[in-house]
Amino acid sequence: LETSIRHNTILCAAAVIDRGGNRSEHEFRGEERDILEGLTRLIRDEDPDFITGYNIDNFDLPRIIERAEESGPRSRFEQAALCGWGRVPAIESEAKRLKPNRANNRVWRLTGRIPLDAWWQVRQTLRPERESLRYVANMLWPDDADKHKLDVDASRMDEEWAARPDEVMEYCVRDTYLPLDILAHLQSIQRKEALAAVALSTVETAAAGTTSQWIDSLVIRLADRENIAVPMTQSGPRRRDQIAGGYVHDVEPGIHPWVAVLDFKSMYPSIMIAQNICSTTLVRDGSKNDSHNVSPTTGTRYLESQEREGLVPRLLSQLMEKRDLHKRELANAEESGDKEAAFLHDQLQYAVKILMNSFYGVFASSFYRFTHPDLGASITEWARHNIRSIIAQLETDGHHVVYSDTDSIFVTAPVEPDSPISRPPEDALVFADWRAARAETLRFGERLANRFTKEGAELEFETALSAFFSHGAKKRYVGRVVWPREEMLIRGYEVRRSDSFSLLRRTMVEMFELILANEPWSAVELTKAQIDSVRAREVDAVDLVISRSCKGQLRRNGSVDFTKVYKNPDSLPYVRAAKQRIEAGLGFTPGMKVGWIVIDGKRSPMRIEAWMVDELGVEPPRYDPNFYARRLAKALGRITEAFGWDENELLAGSRQQTLFDF
DNA sequence: GTTCCCTGCTTACC
DNA sequence: ACTGGTAAGCAGGGAGC
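Scope of this entry: the structure provided in the associated data block.

Rules used throughout
- Residues numbered from 1 in each chain as written.
- Chains lettered and ligands numbered in written order.
- Predicted model: local features only at pLDDT ≥ 70, side-chain atom pairs only at ≥ 80, totals over all residues.
- Heavy atoms only, no water.
- Helix = DSSP H or I, 4+ residues; strand = E, 2+ residues; numbered from the N terminus.
- Rg over C-alpha atoms; globule rule 2.2 N^0.38 Å.
- Buried < 20%, exposed > 50% of the residue type's maximum accessible area, 1.4 Å probe, protein only.
- Contact = heavy atoms within 4.5 Å.
- Areas by Shrake-Rupley, 256 points an atom, 1.4 Å probe, with all protein chains shown as cover.
- Core = buried A, V, L, I, M, F, W, Y, C linked by side-chain atoms within 4.5 Å.
- Domains from an automatic or database assignment.
- 1 Å grid on protein atoms, 1.4 Å probe; cavity = no way out; pocket = protein on both sides within 12 Å on 5 of 7 lines; lining within 4 Å.
- Points joined across faces, edges and corners; volume = space filled by probe spheres on them.
- Nonpolar A, V, L, I, M, F, W, Y, C, P; charged D, E, K, R; others polar.
- Salt bridge = Lys/Arg side-chain N within 4 Å of Asp/Glu carboxyl O.
- Pairing = 2+ DSSP bridges.
- Expected span 1.5 Å × (residues − 1).
- Near = heavy atom within 4 Å.
- Polar contact = N/O pair within 3.5 Å; in protein donor to acceptor, adjacent residues only side chain to side chain.
- Patch = residues over 30% accessible without salt bridge, like charges linked within 9 Å, V, L, I, M, F, W, Y side chains within 5 Å.
- Lys, Arg positive; Asp, Glu negative; His and termini not counted.
- Charge placed at Lys NZ, Arg CZ, Asp CG, Glu CD.

Structural notes on the overall build of chain A
A tally of helices and strands in chain A yields 22 helices and 20 strands. Computed over C-alpha atoms, the radius of gyration of chain A comes to 29 Å, within 12% of the 26 Å expected from 2.2 N^0.38 for 662 residues, which places it in the range of a compact globule. Counting only C-alpha atoms and orienting by the principal axes, one finds that chain A spans roughly 80 × 80 × 55 Å. Classification of the 662 residues of chain A by burial places 52% in the buried group. Restricting the contact set of chain A to residue pairs at least 6 apart, pairs at least 24 apart contribute 64%. About 32,200 Å² of surface is accessible on chain A, with carbon and sulfur atoms providing 47% of the total.

Quick word on the nonpolar core
One finds Ile-182, Phe-359, Phe-512 and Tyr-628 to be the most contacted residues of the largest nonpolar core, which totals 141 residues. When residues in this core are grouped by element, the largest group, ten residues, is from helix 14 (residues 339-364). Both domain 1 (2-184) and domain 2 (541-622) contribute no fewer than three residues apiece to this core. Setting aside chain neighbours within four positions, we find Ile-182 in contact with Tyr-54, Ala-118, Val-122, Leu-133, Val-136, Leu-140 and Trp-141. The next biggest cluster of nonpolar side chains, apart from the first, holds 22 residues, and it includes Ile-10, Ile-56, Ile-64 and Ala-68.

Some words on the layout of surface pockets
Empty space among the atoms becomes apparent when a probe as large as a water molecule is rolled across them. Of the volumes computed, that of the second largest pocket is approximately 1,100 Å³. Lining the second largest pocket are 39 residues, with Val-107, Trp-120, Gln-121, Gln-124 and Ala-207 positioned closest to its centre. Sorting the residues of the lining of the second largest pocket by element identifies helix 2 (56-71), strand 7 (114-117), helix 5 (118-126), helix 9 (188-199), helix 10 (203-208), helix 11 (211-225), helix 14 and strand 17 (553-554) as the ones contributing at least two each. Considering every element that reaches the lining of the second largest pocket, the biggest residue donor is helix 5, with six residues. Its residues assigned to classes, the lining of the second largest pocket comprises 18 nonpolar, 13 polar and eight charged. For the lining of the second largest pocket, the domains that each give at least three residues are domain 1 (2-184) and domain 2 (541-622).

Details of the pattern of salt bridges
Inspection of every chain in the model, using the stated rule, returns 46 salt bridges. The residue Asp-49 makes a salt bridge to Arg-87 at a minimum N-O spacing of 2.8 Å. Separated by 38 residues along the polypeptide, Asp-49 in the loop between helix 1 (32-46) and strand 4 (50-53) and Arg-87 in the loop between helix 3 (76-83) and helix 4 (95-98) bring together distant segments of the chain. Residue Asp-49 is classed as partly exposed on the basis of its relative accessible area, which comes to 45%. For Arg-87, a relative accessible area of 33% corresponds to the partly exposed category. For Lys-564, the salt bridge is made with Asp-561, and the minimal N-O distance between the two is 3.4 Å. Asp-561 gets classed as buried once you look at its relative accessible area, which sits at 9%. When salt bridges that share partners are traced, they join Asp-47, Asp-49, Arg-87 and Arg-113 into one network.

What about the pairing of strand 15 (residues 487-491)?
As paired strands, strand 14 (residues 477-483) and strand 15 are joined by five bridges and run antiparallel to one another. The residue bridging Gly-479 from the neighbouring strand is Leu-489, located in strand 15. The turn linking strand 14 back onto strand 15 is made up of three residues.

Description of helix 15 (residues 373-396)
If you check helix 15, its first and last C-alpha atoms are 35 Å apart, about what 24 residues at 1.5 Å a residue would give, namely 34 Å. Positioned one or two residues after helix 15, Gly-398 has a phi angle of 90 degrees, which is positive.

A word on the protein's contact with DNA strand B
In the vicinity of DNA strand B there are 20 residues, among which Asp-407, Arg-496, Ser-549, Tyr-566 and Lys-567 approach most closely. In the interface set of DNA strand B, defined as its atoms within 4 Å of the protein, sugar plus phosphate atoms amount to 93%. Contacts to DNA strand B include Ser-549, whose side-chain N or O atom sits 2.6 Å from a phosphate oxygen. Here a phosphate oxygen of DNA strand B and a side-chain polar atom of Lys-551 are 3.3 Å apart. Across the surface near DNA strand B, the residue classes tally to four nonpolar, four polar and twelve charged.

Observations concerning a negative patch on the surface
Together, Glu-25, Glu-27, Glu-167 and Glu-170 make up a region of like negative charge exposed at the surface. Those elements that provide at least two residues to the negative patch are strand 3 (22-29) and helix 8 (165-186). For Glu-167, a relative accessible area of 34% gives the class partly exposed.

With respect to the environment of His-185
Examined against the element boundaries, His-185 turns out to sit in helix 8. His-185 gets classed as partly exposed once you look at its relative accessible area, which sits at 42%. For the pair His-185 and Val-122, spaced 63 residues apart in the sequence, the C-alpha separation amounts to 9.9 Å. Once residues lying within four places of it in the same chain are set aside, the contact partners of His-185 are Leu-140 and Trp-141.

Below, the structure is given as structure tokens:
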């Protein structure tokens, strides 16, 4: 749709029908009624299974319903001519199922069809820094200029429509192809189908249903076969104390040379299977029997599986076998060059993985029908117990555990001291030392995996690192992987965060390269140089865009209320940016990411300007160089501090400035 | 005008 | 109206100085 900013009405619409790759395009303009009727007729004639678009959940669908209700006839059945998209006969008795509807502001439902928003798929699978269609198209197809041509000013749509409707129509059509291309690129539909296949659910449930519905699909089916009564879900609010989660080991700041990384294969599902944890095996009457599986800290008891195998453990074992099978088939297919089979098995093994990992969350929740607070608590206490006891044994044996998070352990390998940590050229003398260190780390990793793997808790040797670095914060680390591939592994740091800015991300990656190559002083020099260039305004504003997602509540008239979701909305930079977008006529839908540039960081609240360059092609805002210099110094200083250069020393830089000069 | 502490919030890791 | 916990870090704002 293209809509009037002034009157909220629909100016024109375009649709593209994709039938097995053959596409046809359809344009609608004229009276609003005619546009809506035309779209509805097209959908009823062409009968699509999926309906997509960019941000249809929050924009197109609500707009269509709203306009149909406002401009259209009174009765629900008469409105069906304007938005009766459901796959049911257009008769009075079906009036209810004809219209798309959205229960409790959640996902859209449309009888017989599946609305699948390309924006949401992009967001979930790609996590882009910014989410405008223009930005995403540019990211996915950087060389495809006509996919991201910008020749209509969307913020002045009324004027554009009045002056040159043909160009607007063309622009509208082009943007209708993109969501189809995006879904194809992300293989979104295939993924939903694979999930439906393994969860034994409809594709609709796989696409729009909740995790608990996927699990219900498997558990209730099995419970029915076994004549086990299925509890109802209790309604109403039930709060309870949180259960304890995974264990996270402290990290010592600095470089740790030659590290073997091990992790448990499907940790929580394995524990559920091994300990037979299930609603149907939980001992609830206080009886005690030596055969019971007893959890290590709370002493929760479960029947042993020989006495009665729990429904969930059984389902999980089957899923685990299924995943192994698809992985084997995937390997076979790859070997024989059967691309279609390889694709299918890859989708299926991935869907099984997703499904297996969903079990724990549902059973640890307070409101699932088969849940009991003890179930979730038992799973995590076993997990903490297993990993802690391995850490303790390793330390007793004199091995240094560098880090551990939930199901992973990072252990220093016993390599020759002074083995090089960065790969030397193959003709260098020390290359042999590097290779020997790697071989030793591999042997060590394999040995640990064998030693600690037991029935129901398989410890796998996952990667070998020639160096591990952290500045001392949990969930933030970098590793130079030397096996099974050679690559850099970065977790948690600003590099991974979409609310950082690209100059910081880039500089930090370069810095890590140098640190892992054992050249920390070069890293410091690099950082100082970058700080200087921001200070001198030599950096493009596009490299300084910060973005975050922003919530809001949509009012009936299409405006957004921020006070319902935020205590003090105007104190938040992203809310201020969202308001600027709305002001500029660019539109904002709750949940979307908004970008901004800080133009005065000294004021409180800081002054920002929304980033609208992608959509409007306007001049970028003039940024506050000192703010960005400080943010760079802060984030990078945390890292260089491990080598003796702190934030203020970085800021002082080559210019001999003091902390208070900006 | 700092500094320190707390709160509110998002986004990461697993 | 619905899957969990653990953790880092930014920005705003008030208190005590």
